[in-house]
Amino acid sequence: MVYYTISGIRLPCVPSVHHNSSSHRNSSSVAGNASTALSFPLKKHSLSRKIVAGSSSYDSEASTTATSGKVLVPGGDSSFTTNVLVPGAKPPSSTDQLETSDIVSEDPKVLREVPESSSMVGDTSTEVLDEQEKIAVLPDTREKTDKRTVPPPGAGQRIYDIDPILSSFRQHLDYRYSQYKRMRADIDKFEGGLEKFSRGYEKFGFIRSETGITYREWAPGATRAALIGDFNNWNPNADVMARDEFGVWEIFLPNNADGSSPIPHGSRVKIRMDTPSGLKDSIPAWIKFAVQAPGEIPYNGIYYDPPEEEKYVFKHPQPKKPKSLRIYESHVGMSSTEPKINTYANFRDEMLPRIKKLGYNAVQIMAIQEHSYYASFGYHVTNFFAPSSRFGTPDDLKSLIDKAHELGLLVLMDIVHSHASNNTLDGLNMFDGTDSHYFHSGSRGHHWMWDSRLFNYGSWEVVRYLLSNARWWLDEFKFDGFRFDGVTSMMYTHHGLQMTFTGNYNEYFGFATDVDAVVYLMLVNDMIHGLFPEAVSIGEDVSGMPTFCVPIQDGGVGFDYRLHMAIADKWIELLQKRDEDWRMGDIIHTLTNRRWLEKCISYAESHDQALVGDKTIAFWLMDKDMYDFMALDRPATPLIDRGIALHKMIRLITMALGGEGYLNFMGNEFGHPEWIDFPRGDQHLPNGKVVPGNNNSFDKCRRRFDLGDAEYLRYHGLQEFDRAMHHLEGTYGVSC
């Protein structure tokens, strides 16, 4: 593995190799204006950076200094006196509000002393939410030029015209839509709308301004919090944070005397908290970069804010959404022919031209969100806003996406909002020392099969976090859409486990349905399509939930496409039967069995079938003969001849009849002969048994593209057929 150094830290990835001709930051970057944070003259005996900058009315009490008994109020922007509003609370009267003109100075650097008895918040006698559910209404401290808005909800009744059977479940569906409309109304009332609400990354985490850095974190379970890192020698008493009534901790760090950033780019940061579970150091939940240092197991949060001249600036427009999606499913780390972890830069230079040449018009990238366990395939996410550092820097990823756009390729992200890693050291689990912070408490918050945590989609701050996460990838990195993983697990409290969906509508609309999760899916699709009309939204649902791909204004969940997962299962079922037992009527029924007006992405096989323990279609068809009889200079066996023919026909008929789009996992287009086996050591189970590993080998964690390119091998013929198939679809539109 190659390492490079940022501020004394060796990062497990290659240096950025993109060329940036502009020193200006992209318009989507997160940066504050001069009024976001203020530089305060502090008394010599006070700890540095104790005072919170840009305090709104909600955190003014937390800004009281223990030594003077006075409240210090920064002068300037009157928006800092915004009142706290929570659902069910009455608006404060005019007498409850702080008279800004009597307190705030015209000079942004002057602090005014206010008697402790001065009212700094609205009416506190109103109804408030439970500690875990309180809504932190933060001041909008940035000037906004983004005028995009999400259209208001519709009537939500067209679903009954589309599918009359749904009328029998009107009570459930109308309740679902009413909950969605209630959330939209509350977001409009208390947060200024979905567009503003989905920019949580401009309020939480590290926010850079001209005068310093503001850091905020929602951790209601903590009783004390301090920001620690290389910048303050990990001193837990140097930068103690202030807590507001909603459990939001905050601190402002003014610039150094020379005007430089108080936290150097590339330095390590964490938040230390006193929690009900004891003292805990956590990576900030909104961290934008995290790195595993050599010889260490937990990851470290990295403050990522490179100089302007090093920030990648996008040069190419995003392509328009094609009529027929042809998706190349890929994984950056295993995209090399060599047994190693590949990089964003190599994927950009080597894989993207290959994908374009093969005729695909979209690339779907797995394992983008940081995940400490490589063998999880990226599905056990630890840091939701951070691109995986194994493959390079965030700017390297931007360079990759921009190159794809130059080639006319859409870039879809395999996003995970269905669950999270159960890591407590570098993930969200027990972040503030409680079991119910971002997740459901007790057994409902644990996925027993995946060994992961399950989000509480009924929590206001969880919804803010996840909506903002989806928008972050679209805004900051210019992704063109998402494939949402594990949606079936989200929509049902049984998570689809030990459950066979027969198509009976009672399976979809009952007490087993997690309405909060479905409403969240409606909200995130609302945000995606409202603010990014060309973005693509694909859901991985095996249940066949009706209305899944119906627009939200008509009462649906709002996805553009559902993954037609039954097709791959059907092919595996048939491949275990004799040829004479294949029934064309059965095959055609499976390929075309989808809901009216709901589009599908079909595939014969995806990454699931390529994993160790399973078999690809090529392996089912040709087995070990693939190792000895794929060279053109020797005769093929009947098994090889039959396998090649069926491999081609299975993919062609799947593309033609299976749906409005098509997907293939990288390497399977030419019948990749080997499975995927991530590097892993021996696993020692609690019962004393040992599950043998593979000696941490990367040999099976790569793709042998050289086989598909070798004209003397029959693999090349399979690859050329796949290419011709995409040319046919792109030219004549044969899929239906």
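- An unreviewed UniProt entry annotates the protein chain as 1,4-alpha-glucan branching enzyme of Linum tenue.
- Recorded in UniProt for the protein chain, the comment headed Sequence similarities (unreviewed entry) runs: "Belongs to the glycosyl hydrolase 13 family. GlgB subfamily."
- In its Pathway (unreviewed entry) section, the UniProt entry covering the protein chain states "Glycan biosynthesis."

**Focus on the state of the cysteines**
Reasoning step 1: Tallying each qualifying case throughout the model produces zero disulfides.
Reasoning step 2: Lacking any disulfide linkage, Cys 549 is separated from the closest cysteine sulfur, that of Cys 600, by 6.4 Å.
Reasoning step 3: Taking relative accessible area as the criterion, Cys 549 reaches 6% and is therefore assigned buried.
Reasoning step 4: Overall, the relative accessible area of 2% leaves Cys 600 in the buried class.

**As for the pairing of strand β14 (residues 325-331)**
Reasoning step 1: Counted residue by residue, β14 has seven buried out of seven residues, so it is predominantly covered.
Reasoning step 2: Because side chains alternate across β14, one face comprises the buried residues Leu 325, Ile 327, Glu 329 and His 331, and the other comprises Arg 326, Tyr 328 and Ser 330, equally buried.
Reasoning step 3: Two strands pair when backbone bridges link them, and β14 and strand β26 (residues 661-665) are joined in this way by five bridges, in the parallel orientation. Opposite Glu 329, over in β26, you have Phe 665 as the bridge partner.
Reasoning step 4: With five bridges joining them, β14 and strand β15 (residues 362-366) adopt parallel strand pairing. The residue of β15 that forms the bridge with His 331 is Met 366.

**Here we look at the pattern of salt bridges**
Reasoning step 1: Tallying each qualifying case throughout the model produces 44 salt bridges.
Reasoning step 2: When the shortest N-O distance is used, the salt bridge between Lys 398 and Glu 476 registers 2.7 Å. One end of the pair, Lys 398, is in helix α6 (residues 394-406); the other, Glu 476, is in helix α7 (residues 460-477), with 78 residues separating them in the sequence.
Reasoning step 3: Here Lys 398 falls in the buried class, since its relative accessible area comes to 9%.

**Notes on the environment of Asp 414**
Reasoning step 1: Within the fold, Asp 414 resides in strand β18 (residues 410-415).
Reasoning step 2: Put simply, Asp 414 and Phe 484 are 70 residues apart on the chain and 6.2 Å apart in space, counted from C-alpha to C-alpha.
Reasoning step 3: Non-local contacts of Asp 414, meaning those with residues more than four positions away in its chain, are made with Gln 364, Ile 365, Met 366, Gln 369, Tyr 379, Arg 483 and Asp 485.
Reasoning step 4: Engagement of the side chain of Asp 414 in a polar contact is seen with the side chain of Tyr 379, the distance being 2.7 Å.
Reasoning step 5: Side-chain polar atoms of Asp 414 contact the side chain of Arg 483, separated by 2.9 Å.

**Observations regarding the packing of aromatic side chains**
Reasoning step 1: Under the definition given, this model contains 43 aromatic pairs.
Reasoning step 2: Geometrically, the ring pair formed by Phe 670 and Phe 705 is edge-to-face, given 6.4 Å between the ring centres and 65° between the ring planes. Of the two residues, Phe 670 sits in the loop between β26 and β27 (683-684) while Phe 705 sits in helix α15 (residues 705-709), which places them 35 residues apart along the sequence.
Reasoning step 3: Accessibility expressed as a relative area gives 3% for Phe 705, which makes it buried.
Reasoning step 4: Residue placement shows Lys 398 over the ring face of Phe 477; its charged tip is 5.3 Å from the ring centre.
Reasoning step 5: Above the face of the Trp 620 ring, Lys 615 is positioned so that its terminal group lies 4.7 Å from the ring centre.

**Thoughts on the sheet that holds β26**
Reasoning step 1: If you walk around this closed barrel you meet the eight strands as β14-β15-β18-β22-β23-β24-β25-β26, and the pairing is parallel. Within this sheet the neighbouring strands show an average axis-to-axis angle of 25°, counted without direction.
Reasoning step 2: Relative to β26, strand β25 (residues 599-602) runs parallel, the two being bridged by two bridges. Looking at the pairing, Ser 602 lines up with Tyr 662 of β26.

**Notes on the sheet that holds strand β6 (residues 212-218)**
Reasoning step 1: Pairing in this open sheet of four strands is antiparallel, and the strands run β5-β6-β9-β8 from one edge to the other. The sheet is open, and its two borders are formed by β5 (205-208) and β8 (242-243), each paired with just one other strand.
Reasoning step 2: Pairing geometry for β5 and β6, over four bridges, is antiparallel. Residue Ile 207 lies in a different strand from β6, and its bridge partner there is Thr 214.

**Let's talk about the environment of Leu 409**
Reasoning step 1: Structurally, the position occupied by Leu 409 is in the loop between α6 and β18.
Reasoning step 2: Put simply, Leu 409 and Gly 359 are 50 residues apart on the chain and 10.0 Å apart in space, counted from C-alpha to C-alpha.
Reasoning step 3: Contact partners of Leu 409, with chain neighbours within four places excluded, come to Pro 319, Leu 352, Ile 355, Lys 356, Tyr 360, Asn 361, Ala 362, Ala 404 and Asp 480.

**As for the nonpolar core**
Reasoning step 1: Judged by nonpolar contacts, the single largest core of 158 residues is most densely connected at Tyr 438, Phe 455, Trp 473 and Phe 479.
Reasoning step 2: Considering every element that reaches this core, the biggest residue donor is helix α9 (residues 515-531), with 12 residues.
Reasoning step 3: Discounting chain neighbours no more than four positions away, the residues touching Trp 473 are Ile 368, Gln 369, Phe 384, Phe 385, Ala 386, Pro 387, Leu 397, Met 413, Ile 415, Lys 478, Phe 479 and Phe 482.
Reasoning step 4: Listed in part, the 14 residues of the second largest apolar core include Leu 325, Ile 327, Ala 362 and Tyr 561.

**Description of the side chain of His 716**
Reasoning step 1: Note on placement: His 716 falls in helix α16 (residues 714-732).
Reasoning step 2: Residue contacts for His 716: discarding those within four places in its chain leaves Leu 707, Gly 708, Asp 709, Ala 710 and Glu 711.

**Quick word on a nonpolar patch on the surface**
Reasoning step 1: Among the surface-exposed residues, Leu 728, Tyr 732 and Val 734 lie close enough to one another that they form a single nonpolar patch of about 280 Å² accessible area.
Reasoning step 2: Tracing the backbone shows Val 734 in the segment after α16.

**Details of helix α11 (residues 584-592)**
Reasoning step 1: Regarding α11, the residues found buried are Ile 587, Thr 590 and Leu 591. Seen from one end, α11 has its buried residues packed into an arc of 100°, which puts them on one side.

**Focus: unusual backbone geometry**
Reasoning step 1: At Ala 367, a position not held by glycine, the phi torsion is positive, near 60°.
Reasoning step 2: Along the chain, Ala 367 turns up in the loop between β15 and β16 (369-370).
Reasoning step 3: For Ala 367, a relative accessible area of 4% translates into the label buried.
Reasoning step 4: The phi angle at Phe 377 is positive, at roughly 65°, despite the residue not being glycine.
Reasoning step 5: Relative to the assigned elements, Phe 377 resides in the loop between β16 and β17 (383-387).

**Describing the confidence of the model for the protein chain**
Reasoning step 1: Mean pLDDT over the protein chain stands at 84; residues scoring 70 or higher make up 80%.
Reasoning step 2: Segment residues 1-144 is flagged for pLDDT under 50; beyond a separation of four residues in sequence, or across chains, it makes 324 contacts in the model.

**Section: the pairing of β6**
Along any regular strand the residues' side chains alternate between the sheet's two faces.
Reasoning step 1: Summarising burial for β6: seven of the seven residues are buried, a large majority.
Reasoning step 2: By the alternation rule, side chains of β6 split into Gly 212, Thr 214, Arg 216 and Trp 218 and Ile 213, Tyr 215 and Glu 217, which are all buried.
Reasoning step 3: Direction of pairing for β6 relative to strand β9 (residues 248-254): antiparallel, over a ladder of seven bridges. Across the sheet, residue Arg 216 finds its bridge partner in β9, namely Glu 250.

**So, α7**
Reasoning step 1: Look at α7: 25 Å from first C-alpha to last across 18 residues, which is about the 26 Å you get at 1.5 Å a residue.
Reasoning step 2: The largest bend in α7 is about 25°, located at Arg 471.
Reasoning step 3: Across the 18 residues of α7, 18 count as buried, placing the element largely inside the fold.
Reasoning step 4: Phi turns positive, to about 65°, at Lys 478, one or two residues after α7.

About the thresholds
Residues numbered from 1 in each chain as written. Predicted model: local features only at pLDDT ≥ 70, side-chain atom pairs only at ≥ 80, totals over all residues. Heavy atoms only, no water. UniProt positions renumbered as here; feature names shortened; annotations may be inferred. Disulfide = S-S within 2.5 Å. Buried < 20%, exposed > 50% of the residue type's maximum accessible area, 1.4 Å probe, protein only. Helix = DSSP H or I, 4+ residues; strand = E, 2+ residues; numbered from the N terminus. Pairing = 2+ DSSP bridges. Salt bridge = Lys/Arg side-chain N within 4 Å of Asp/Glu carboxyl O. Contact = heavy atoms within 4.5 Å. Polar contact = N/O pair within 3.5 Å; in protein donor to acceptor, adjacent residues only side chain to side chain. Phe/Tyr/Trp six-rings, centres within 6.5 Å; stacked < 30°, edge-to-face > 60°. Lys NZ or Arg CZ within 6 Å of the ring centre and 35° of its normal. Axes fitted to C-alpha atoms, helices over the stretch in contact; angles between N-to-C directions. Core = buried A, V, L, I, M, F, W, Y, C linked by side-chain atoms within 4.5 Å. Patch = residues over 30% accessible without salt bridge, like charges linked within 9 Å, V, L, I, M, F, W, Y side chains within 5 Å. Areas by Shrake-Rupley, 256 points an atom, 1.4 Å probe, with all protein chains shown as cover. Arc of directions from axis to C-beta. pLDDT = per-residue confidence, 0-100. Expected span 1.5 Å × (residues − 1). Bend = angle between axes of the 7 residues up to and from the residue.

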